[in-house]
Amino acid sequence: GAVVSQHPSWVICKSGTSVKIECRSLDFQATTMFWYRQFPKQSLMLMATSNEGSKATYEQGVEKDKFLINHASLTLSTLTVTSAHPEDSSFYICSARVAQQASYNEQFFGPGTRLTVL
Amino acid sequence: RKEVEQDPGPFNVPEGATVAFNCTYSNSASQSFFWYRQDCRKEPKLLMSVYSSGNEDGRFTAQLNRASQYISLLIRDSKLSDSATYLCVVNPNPSGNTGKLIFGQGTTLQVKP
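Attention here is on the structure that accompanies the text. (Residues numbered from 1 in each chain as written. Chains lettered and ligands numbered in written order. Predicted model: local features only at pLDDT ≥ 70, side-chain atom pairs only at ≥ 80, totals over all residues. Heavy atoms only, no water.)

## Quick word on the state of the cysteines
To keep things clear, this is the line we draw: Throughout, disulfides are identified as pairs of cysteine sulfur atoms within 2.5 Å of each other. Strands are runs of DSSP state E lasting at least 2 residues, helices are runs of H or I lasting at least 4, and numbering of each runs from the N terminus. Throughout, exposure labels follow a simple rule: accessible area from a 1.4 Å probe, protein chains only, divided by the maximum for the residue type, with under 20% read as buried, over 50% as exposed, and the rest as partly exposed.
Using the criterion set out here, one finds two disulfides over all chains in the structure. Covalent S-S linkage joins Cys23(B) and Cys88(B), the inter-sulfur distance amounting to 2.0 Å. On the sign convention where negative is left-handed, the bridge of Cys23(B) and Cys88(B), at about -75° about the S-S bond, is left-handed. Of this pair, Cys23(B) sits in strand S3 (residues 19–25) while Cys88(B) is found in strand S9 (residues 84–91), placing the two residues 65 residues apart along the sequence. Cys88(B) matches Cys23(B) in its accessibility class, with the two residues each being buried. Here Cys40(B) is not disulfide-linked; the sulfur of Cys94(A) is the nearest cysteine sulfur, at 19 Å.

## Some points on the pairing of strand S2 (residues 10–13) of chain A
Residues and elements named next belong to chain A. Condition: In this analysis, strands are considered paired if DSSP registers two or more bridges between them.
Of the two faces of S2, the one lined by Val11 and Cys13 is fully buried and the one lined by Trp10 and Ile12 carries no buried residue. In terms of strand pairing, S2 meets strand S11 (residues 113–117) through four bridges, oriented parallel. Bridge pairing in S11 links Val11 to Leu115.

## Points about the nonpolar core
Residue and element names in this part refer to chain A. This is how the line gets drawn: Throughout this description, the term nonpolar core refers to a set of buried Ala, Val, Leu, Ile, Met, Phe, Trp, Tyr and Cys residues connected via side-chain atoms within 4.5 Å. The contact definition used throughout considers only heavy atoms, calling two residues in contact when any of these lie within 4.5 Å.
Of all hydrophobic cores here, the largest spans 26 residues; its most connected members are Val4, Phe28, Trp35, Phe67, Leu79, Tyr92 and Leu115. Of all the secondary-structure elements, those providing two or more residues to this core are S2, strand S3 (19–25), strand S4 (30–38), strand S5 (45–51), strand S7 (67–73), strand S8 (76–81), strand S9 (90–98) and S11. No other element matches the four residues that S9 contributes to this core. Sequence-distant contacts of Phe67, that is, excluding residues within four places in its chain, are made with Arg37, Met47, Tyr58, Val62, Leu79, Thr80, Val81, Asp88 and Tyr92.

## With respect to the sheet that holds S7(A)
Residues and elements named next belong to chain A. This is how it is decided: Angular values range over 0 to 180 degrees, each being the angle between N-to-C directions of two axes fitted as lines to C-alpha atoms, with helices fitted over their stretch in contact.
Taken in spatial order, the four strands of this open sheet run S1-S3-S8-S7, and their pairing is antiparallel. Each edge of the sheet is formed by a strand with only one pairing partner; in this case those strands are strand S1 (4–7) and S7. Along the sheet, successive strands turn relative to each other by an average axial angle of 15°, direction set aside. Note: S3 against S8, six bridges, orientation antiparallel.

## Observations concerning the interface of chain A and chain B
Often the size quoted for an interface is simply the accessible area lost on bringing the parts together. The condition that has to hold: By definition, the buried area sums, over both parts, the 1.4 Å-probe accessible area that each loses when the two are put together. Note on definitions: salt bridges are taken to be side-chain nitrogens of Lys or Arg within 4 Å of carboxyl oxygens of Asp or Glu. Here a polar contact is taken to be a pair of N or O atoms separated by no more than 3.5 Å, where protein atoms must pair a possible hydrogen donor with a possible acceptor and residues adjacent in sequence count only if both atoms sit in side chains. For this classification, the nonpolar set comprises Ala, Val, Leu, Ile, Met, Phe, Trp, Tyr, Cys and Pro, the charged set comprises Asp, Glu, Lys and Arg, and every other residue, Gly included, is treated as polar.
Counting from both sides, the interface comprises 20 residues of chain A and, opposite them, 19 residues of chain B. Across the chain A to chain B interface the summed buried area is about 1,600 Å²; carbon plus sulfur atoms make up 49%. Along the contact surface separating chain A from chain B lie one salt bridge. A salt bridge links Lys100(B) to Glu59(A); the shortest N-O distance between them is 2.8 Å. For the interface between chain A and chain B, the tally reads four residue pairs in polar contact (both at pLDDT 80 or more). Within the residue set of the side of chain A that touches chain B, elements represented by two or more residues are S4 and S9 of chain A. Residues of the side of chain A that touches chain B, tallied by class, amount to nine nonpolar, six polar and five charged.

## Examining the sheet that holds strand S8 (residues 70–75) of chain B
Residue and element names in this part refer to chain B. Taken in spatial order, the five strands of this open sheet run S1-S3-S8-S7-S6, and their pairing is antiparallel. At either margin of the open sheet sits one strand with a lone partner, and together these are strand S1 (4–6) and strand S6 (55–57). Pairwise comparison of adjacent strand axes, ignoring direction, gives a mean angle of 20° for this sheet. Alignment of S3 against S8, held across six bridges, turns out to be antiparallel.

## Section: unusual backbone geometry
With the exception of glycine, most residues fall at negative phi, and the peptide bonds are largely trans. Across the junction of His7(A) and Pro8(A), the peptide omega takes the value 0°, indicating a cis bond. Backbone geometry places Ser83(A), a non-glycine residue, at a positive phi of 45°. As for its position among the elements, Ser83(A) is in the loop between S8 and S9. For Arg41(B), which is not glycine, the phi dihedral falls at a positive 65°. In this structure, Arg41(B) sits in the loop between strand S4 (32–38) and strand S5 (44–50). Judged by its relative accessible area of 59%, Arg41(B) falls in the exposed class.

This is the structure in structure tokens:
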């Protein structure tokens, strides 16, 4: 149980295009999903917290107009990187927290999406 | 100062060795602590939570020292399959649990035959 999927697993795009990444909880409902970014040899950095039915909460330094997050249902959150540039190339990982156990801290991670912007 | 600090390593050890990783955190109000494992180009996976009394899961032992704001992970009888990056993770929220996690940079372990 507690499986999180991401799509696509990798994407290569031209500079200036927008890329949408989907994060789905397959066998549980997730009131909260989190979006992280990881550059090579660096730690996961939390970008934003996504709550179902409400606006995402962005971490300091993350542009909300560039990284659009939508969490329309309890099983799906999307991250859209708008007008992507080479410096946005990174490993984007989502995680989800089980809805029925809001006080439980374990997060289940998706397999990640590797974005390369040319 | 980083919120969660780890020695990046790499730690190169022979099979069967015992190896220990340390981690320090800056927020004294932090309540939840974890060790995650991340393989190359993969997502992190929960290895174990860390409890105040210390806890053990097979060959893995985690310890927490709140006074020193220090967390450790001990791996006994290392296997080749233990080669990975080990991430120290802290939930800094003392209340109103948002689920936010702060990740350390990770410590890389290479177990050699």
